[in-house]
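# Structural characterization, general
Each chain is listed here by its residues.
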Amino acid sequence: MTKQEQVKAIFIEEAGEIIEKLDIDIIRFEENSGDFNLLNEIFRGVHTLKGNANAFGFTRLGEFVHHFEDVLDHYRSTKEGIEGDHLELFVGSVDVIKEVMVCELDAIEFLPESYGECLQNIKNLIAMKKGYSPVEELKQSIEISSNDLASEFGFGCDEEFESSVKNCVKHFQEMQEEGLYLYKIDLMLEEDCYKRGFDHLLFLKALGEKAKAIESFFDMKDVWVLDGFTSDVNAIKRVSIVVLTPLPSDDVHEIFEFLFENEYKIQIIETMKKSVEPLYPQDTSHGEKKTLVEKSAPSAETTSSSLVSSKSTIRIDTFKLDELFDSVGELVIAQNFIAQNEKIGEIEDESISRTIETLSKITKRIQDRVMSLRMVAIKDTFEKMKRVVRDTSKKTGKEVHLIIQGEDTEIDKTMIDSLSDPLIHIIRNAIDHGLEADANERALAGKSSNGSVTLKAFHKSGSIVISVSDDGRGINKERVFQKAIERGIINGDENLSDSQIFSLIMQPGFSTAEAISDLSGRGVGLDVVKTSIENLRGKIEIDSKEGTGTTFSMILPLTLAIIDGMLVQASGEIYIIPTLSVVESFRPEEEIVHTVQGKGEFVNLRGQNIPIIRLSDIFELSSQRIEPWEGILVCVETEAGRIAIMVDELVGRQQVVIKTLGKSLARLKEISGGAILGNGDIALILNVDELRPLDESVHV
């Protein structure tokens, strides 16, 4: 990959993050249009996107965000109230930005249909706010030379420049905390500064290394048009920098010590608590520098603590994290091998025992730390769902309130992206078919006229549970059961629990809706949701009460790289059963075990006949055949109901690092992977859903 391709890849990644944040922030702003700090955040994202898009030749995206930026700048500068239809335009503009970004990346010639209309609406709005017609605006744009850099990147006037700097200062004052100093620095570099080895970006980089926050403002009004551009002569006469940093005044002055005195000016800004006016109260440049240090310079201890408390981040390729995780997995296996090695265990030496114990603790700590690197809060994914609820609410005409709980719950980064689509479908399904359309119907049921959808994440028994609940009409259990019989999914003789009946709606093509909308149907597409969750080694549980509401719970492992499993022995081999699937294990009494002619063995567990699965039969193992009451049965939950896996012995429960199998073993549907145990042996991980009997009528 060339340097240019690497830079472009970074831009694409950053642009994606900016657009994703815009999508979240614009909905938050719609909910609270008086939050101008949030509007400033949106403006900064659009401004950054504009510059990056133009730099890489994405002119169509650049043009759109340029005009969108003008509208945002007007409202953030004037703090004027924003009308409802204009907020709708803002939300639609973010949609257009997402669509145009796709067109630019895929080099699609045709723009989305909404592009032209939305752009014209933005132009009309800014023309109305500034008091001239769109025709006059067009004339003004024609008069400005297209190769004028100032027209693209500059401020409209000195007042706008100063206003932007002051707004930034106020914003940073709100972020200021103990141990951090706020400076406003003005650079007035001479025309020959490049020849002397200086440019503006050198100072920005030096300041940014220890800054908590930094923003720069370039005055471009004196920049020449491209025809008269000279690369070795500085035409940017003024740059203002606002920086929040733990650096004391002396260290900041040291950065500029080789400049002429007339080329820079440093001012320290008082905190808002001490003084709000004047905004720039102290000039600490040159003669007054020593006085400032005596008053404000922090002690060595304060400076040290502030440097420690200043957080910094680094962008790391997830592939490198995966490699690190695999290496730590090998380390865990090696450590377990040492700890469980019989020959080492025979050595009666206290120092060796302590060393092995210390190694075990350190390995466990490293494993936990590396796992935490892959864990991210699910908050951003939940925030995206606000947009889904908003759009679905408007399309269905239902007033819906979204309640979010547990958004700080952390989940494996590799699972985050795969969760969005299932969540979107379930939420749309809940609003479209779960909530009542008639407010009178809700009132008669003692509910508020506005429906509610609750999105919740929490830890449970070593797993992550993400649930979507609605307070709608619930699922008609009898109707689901009859529909399943009509479609031949079940034969009607099964003794199914409520949970098993509700899970039937996730069968392919199943729907109880009389008329399926373009949004969802109660069951339409839920088979895809189910498949997506199962690919993440999770499962879905449905709980519903007619007239009260429905809850879809997605139960997921903490990480995809490690599985919590029950180790069992059968016919001399060790197997791993995912703990998430295990219901209970027991040694059956002889009287509850029986055989059905042509159907196999069953165990009657609390009134329910559960088929017994022998691993020796599944994998064609030669071993002495014992009776079920001589072994142990592990009852597990599968998508078709419960089964009892017959094993010789329960070895224990532990977390194991999952290893993929070769192509030949990958074809065995009964096996989902393998793991290396502490003694070096390999254990196969069972895919319990594929162990069920082929004849569904066994559930009698």
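The structure contained in this document is the topic of the report that follows. (Residues numbered from 1 in each chain as written. Predicted model: local features only at pLDDT ≥ 70, side-chain atom pairs only at ≥ 80, totals over all residues. Heavy atoms only, no water.)

### Structural notes on the environment of Phe-172
To keep things clear, this is the line we draw: Helix and strand assignments follow DSSP, with helices taken as H or I runs no shorter than four residues and strands as E runs no shorter than two, numbered in order from the N terminus. Whether two residues are in contact is decided by their heavy atoms, any of which lying within 4.5 Å being enough.
Mapping Phe-172 onto the fold places it in helix α8 (residues 158-175). Spatially, the C-alpha atom of Phe-172 lies 9.7 Å from that of Lys-212, the residues being 40 residues apart in sequence. Setting aside chain neighbours within four positions, we find Phe-172 in contact with Leu-182, Ala-213, Ile-214, Glu-215, Val-242, Val-243 and Leu-244.

### As for the sheet that holds strand β18 (residues 608-614)
Rules: If DSSP finds at least two bridges between two strands, the strands pair. To get an axis, a line is fitted to the C-alpha atoms, and for a helix only the part in contact is used. The angle between two axes follows their N-to-C directions and goes from 0 to 180 degrees.
Taking strand neighbours across the sheet as the criterion, the 6 strands line up as β15-β19-β20-β18-β17-β16 in an open arrangement whose pairing is mixed. Only two strands of the sheet have a single partner each, and these edge strands are β15 (582-586) and β16 (593-596). The sheet shows a mean angle of 35 degrees between the axes of neighbouring strands, direction not considered. In the sheet, strand β19 (residues 632-638) pairs with strand β20 (residues 641-647) via 7 bridges, with the strands oriented antiparallel. Bridge pairing in β20 places Val-636 opposite Ile-643.

### Description of the packing of helix α17 (residues 413-434) against helix α21 (residues 526-535)
Stated precisely, the cut-off is as follows: Handedness of each helix crossing follows the sense of rotation of the near helix against the far helix: counterclockwise by less than a right angle gives left-handed, clockwise gives right-handed. Each residue is assigned to one class: nonpolar for Ala, Val, Leu, Ile, Met, Phe, Trp, Tyr, Cys and Pro, charged for Asp, Glu, Lys and Arg, and polar for all the others, Gly among them.
Remark: α17 packs on α21, axes separated minimally by 9 Å, with the N-to-C direction vectors making an angle of 145 degrees. Note that α17 runs across α21; the crossing there is left-handed. Touching Leu-419, Pro-422, His-425, Ile-426 and Asn-429 of α17 are Leu-526, Val-529, Ser-532 and Ile-533, all from α21. Looking at the contact of α17 with α21, its residues break down into 6 nonpolar, 3 polar and no charged.

### Remarks on helix α3 (residues 59-78)
Every α-helix winds through 3.6 residues per turn, so residues three or four apart in the chain are directed the same way. Just so we agree on the cut-off: Under the convention used throughout, the expected extent of a helix is 1.5 Å for every residue step, that is, one less than its residue count.
Taking 1.5 Å as the rise per residue, α3 with 20 residues should run 28 Å; its terminal C-alpha atoms sit 29 Å apart, in good agreement. Lys-79 lies just past α3 and shows a positive phi near 55 degrees.

### A look at the pairing of strand β4 (residues 264-269)
What counts, and what does not: Burial classification: accessible surface area is computed with a 1.4 Å probe over protein chains only, and a residue below 20% of its type maximum counts as buried, one above 50% as exposed, and the rest as partly exposed.
Of all 6 residues in β4, 5 are buried, a share of seventy percent or more. Pairing analysis gives 6 bridges linking strand β1 (residues 181-187) to β4, with the strands arranged antiparallel. Across the sheet, the residue bridging to Tyr-183 is Ile-268, located in β4.

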